[in-house]
Amino acid sequence: MTYSVKEIFYTLQGEGFHSGRPAIFCRFTGCNLWSGREQDRSDAVCHFCDTDFIGTDGPGGGKFDTPISLAESIRKFWPNKETDQHPFVVCTGGEPALQLDEALVSALHQLDFEIAVETNGTLPLPANIDWVCVSPKANSKIIILKGNELKLVYPQEKNTPEKFSSLHFDHFFLQPMDDERLSYNTQACINYCLQHPQWKLSLQTHKIIGIP
Ligand code: SF4
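For every chain, the first residue of the written sequence is number 1, and numbering continues from 1 along that sequence. Local features in this predicted model are restricted to residues whose pLDDT is 70 or higher, and side-chain atom pairs enter the listing and the counts only when it is 80 or higher, whereas totals over whole chains, interfaces and linings include all residues. Excluding hydrogens and water, the side-chain figures rest on all heavy atoms present in the structure.

### Focus: helix 1 (residues 67-75)
- Whether a residue is buried, partly exposed or exposed follows from its accessible area with a 1.4 Å probe, protein chains only, as a fraction of its type maximum: under 20%, in between, or over 50%, in that order. Helix and strand labels come from DSSP, where a helix needs a run of H or I of at least four residues and a strand needs a run of E of at least two; each type is numbered from the N terminus. Among all positions in helix 1, only L70, A71, S73, I74 and R75 are buried.
- Should any heavy atoms of two residues lie within 4.5 Å, those residues are considered in contact. Where helix 1 is buried, its residues contact strand 1 (3-12), strand 2 (22-28), strand 3 (62-64), strand 4 (88-92) and helix 2 (102-110).

### Considerations on the environment of Y192
- Mapping Y192 onto the fold places it in helix 3 (residues 182-195).
- By relative accessible area, which is 8% here, Y192 ends up buried.
- C-alpha of Y192 to C-alpha of Y154: the two residues are 38 residues apart in sequence and 9.8 Å apart in space.
- Those residues in contact with Y192 that lie beyond four places of it in its chain are Y154, P161, E162, L174 and W199.

### Remarks on unusual backbone geometry
- Here the residue pair G93 and G94 is connected by a cis peptide bond, since its omega of 10° sits within 30 degrees of zero.
- Structurally, G94 is set in the loop between strand 4 and helix 2.
- With an omega dihedral of -5°, the bond running from Y154 to P155 counts as a cis peptide bond.
- With respect to the helices and strands, P155 occurs in the loop between strand 7 (146-154) and strand 8 (168-176).
- The phi dihedral of N139 falls on the positive side, at around 70°, and the residue is not glycine.
- Assignment of secondary structure puts N139 in the loop between strand 6 (131-134) and strand 7.
- Even without being glycine, K158 reaches a positive phi, approximately 70°.
- Mapped onto the secondary structure, K158 falls in the loop between strand 7 and strand 8.

### Some words on the sheet that holds strand 9 (residues 199-201)
- A pair of strands counts as paired when DSSP detects no fewer than two bridges linking them. Read from one edge of the open sheet, nine strands run 3-1-2-4-5-6-7-8-9, paired in mixed fashion. Looking at the sheet topology across the chains shown, the edges are occupied by strand 3 and strand 9. Averaged over all pairs of adjacent strands, the angle between their axes in this sheet comes to 30°, without regard to strand direction.
- All axes are obtained by fitting lines to C-alpha atoms, using only the stretch in contact for helices, and the reported angles, taken between N-to-C directions, cover 0 to 180 degrees. Here helix 2 sits on the sheet in contact with strand 1, strand 2, strand 4 and strand 5 (114-119), set at roughly 145° to strand 5.

### Quick notes on the packing of aromatic side chains
- Working definition: rings of Phe, Tyr and Trp (its six-membered ring) pair if their centres are within 6.5 Å, and the pair is stacked with planes under 30 degrees apart, edge-to-face with planes over 60 apart, and tilted otherwise. Counted under the stated rule, the structure contains eight aromatic pairs.
- Connected via pairs of aromatic rings, a cluster forms that spans Y154, F169, F172, Y192 and W199.
- Distance and angle both matter: a charge sits over a ring if NZ of Lys or CZ of Arg is within 6 Å of the ring centre and within 35 degrees of the ring normal. Lying across the ring of F88, R21 places its NZ or CZ 3.8 Å from the centre.

### Quick look at the nonpolar core
- By size, the foremost hydrophobic cluster in this structure holds 47 residues, and its most contacted members are L70, I74 and W199.
- It is strand 2 that provides the largest number of residues to this core, a total of five residues.
- Beyond its immediate chain neighbours, meaning those up to four positions away, I74 contacts I8, I24, C26, V89, L108 and F113. In this text, buried Ala, Val, Leu, Ile, Met, Phe, Trp, Tyr and Cys residues form a nonpolar core when linked through side-chain atoms within 4.5 Å.

### What to know about helix 2
- Residues L104, V105, A107 and L108 constitute the buried set of helix 2. Take helix 2 and look down its axis: the buried residues cluster within an arc of 165°, on one side only. Residues of helix 2 that are exposed and angled more than 90 degrees away from the buried face: E102 and Q110.
- Buried residues belonging to helix 2 abut strand 1, strand 2, helix 1, strand 4 and strand 5.
- At the C-terminal side of helix 2, D112 shows a positive phi close to 80°. It is the directions from the helix axis to the C-beta atoms that the arc portrays.

Here it is, written out as structure tokens:
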């Protein structure tokens, strides 16, 4: 298959369990819950997206004809090629499950990668991904019901934390909705976590410190 990638970049993971960890982000083009066009936002399943995932024109983006060509392109972003540290890639989007397949997982593992995925949880995932983070979106039905991390943007009408707290994830995060009520939403997350210690606060630290 040909993989369409919006951008590839090296930064610190800003959110969730791996916050602060150096990571290569591979942002796949396209999402199944929104076209990415502003004129479609009000009719989309997912309304609050803050990501440009249209096209292949970002830094490092493009079309990749084979799994190994994409894996090798991602590998070039990792700095410490001589150390034992496994390179760490976060497959994101858009919705990475539209394109991430077993062939690409295998190619990345051949190059020693530890592979994380950030998905909306509505599509099947290939086997052998090392870290699965599901971020459920209101008005959608998740089918990935277990994993390493469940990260819920909060508050979302009809998508309350209680809907997910009995699923089989190792970590549960609430992340404030980044809209005009961000400081109110942050306090609501803090209050909820304090009252429900199963949940931890996730901040979008990359936005706070001004990195990609
Ligand atoms: S599911 Fe994720 S990538 Fe897709 S529109 Fe919503 S926030 Fe954006």
